[in-house]
Amino acid sequence: MVEFIKKMYLKYKELINYAVFGVLTTVVNYIAFWFFSSVVVLSSTSTVPANIVAWIVSCTFAFITNRLWVFDSQEKSKKGIIREAVSFYISRLATLGVETLIMFVFADVLGFNKYIVKLVANVIVIILNYILSKLVVFRKKKA
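Just so it is clear, the structure is predicted and the values come from calculations on it, not from any experiment.

J.: Honestly, the overall build of the protein chain in this entry has me stumped. Any pointers?
T.: The number of helices and strands found in the protein chain is five helices and zero strands. Along the protein chain, helices (α) and strands (β) appear in the sequence α-α-α-α-α when read from the amino end. Counting only C-alpha atoms, the protein chain reaches 50 × 45 × 25 Å along its principal axes. Scored against the burial criterion, the 143 residues of the protein chain give a buried share of 36%.

What follows is the structure in structure tokens.
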């Protein structure tokens with residue numbers, strides 16, 4: 001049984017690690033959002049400022065974990081790492097736009113619970129981020 005689990009993990013390592021670190025990134029994002037919207041209170045009328053600060057915190061966490069443990073980047077040069085970071089943050093800006101739009105429409109305009117909307121938005125964003133990371137940011141170089 002242990003051999004089977006090990007074999008399955010190795011076969012789906014990237015997807016499993018992405019799911020684990022995606023959940024952790026969501027937790028980081030959610031806690032930062034709560035902190036900046038409820039404790040620091042960046043705005044009393046909009047979720048957008050707290051969402052953006054939470055994005056910065058969680059995006060940095062995600063870049064480090066995705067680079068090291070999910071996509072196992074072999075890039076060692078300073079230029080290559082900077083290229084990865086820039087493409088990572090640019091692709092995440094696109095999904096920040098999606099998340100911010102969802103938060104604005106459903107929490108700010110329609111008045112749904114901001115924490116439930118945030119959770120649903122995060123699920124959508126995790127899926128989009130995986131696709132962008134796999135196809136754009138950490139794509140494997142052809143031999």
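J.: Explain the nonpolar core to me, please; I cannot follow it from the model alone.
T.: A general trend in soluble globular proteins is that nonpolar side chains are found buried together. In this structure, Tyr18, Phe63, Val70, Phe71, Phe88 and Phe138 are the most contacted members of the largest nonpolar core, which totals 14 residues. Within the residue set of this core, elements represented by two or more residues are helix H2 (13–39), helix H3 (48–70), helix H4 (78–109) and helix H5 (114–137). By residue number, the principal contributor to this core is H3, which donates five residues. Phenylalanine 138 has contacts with Phe63, Asn66, Arg67, Phe71, Ser73, Glu84, Phe88 and Ser133, leaving out every residue within four places of it along the chain. One finds Ala54, Ile102, Met103 and Val117 within the second-largest nonpolar core, a separate group that totals ten residues.

J.: Just to check I follow, could you spell out H3 for this structure?
T.: Its 23 residues place the ends of H3 only 29 Å apart at the C-alpha level, less than the 33 Å of an ideal helix rising 1.5 Å per residue. Packed against the buried residues of H3 are H2, H4 and H5. Of the residues flanking the end of H3, it is aspartate 72, one or two places downstream, whose phi is positive at about 45°.

Procedures and definitions
- Residues numbered from 1 in each chain as written.
- Predicted model: local features only at pLDDT ≥ 70, side-chain atom pairs only at ≥ 80, totals over all residues.
- Heavy atoms only, no water.
- Helix = DSSP H or I, 4+ residues; strand = E, 2+ residues; numbered from the N terminus.
- Buried < 20%, exposed > 50% of the residue type's maximum accessible area, 1.4 Å probe, protein only.
- Core = buried A, V, L, I, M, F, W, Y, C linked by side-chain atoms within 4.5 Å.
- Contact = heavy atoms within 4.5 Å.
- Expected span 1.5 Å × (residues − 1).

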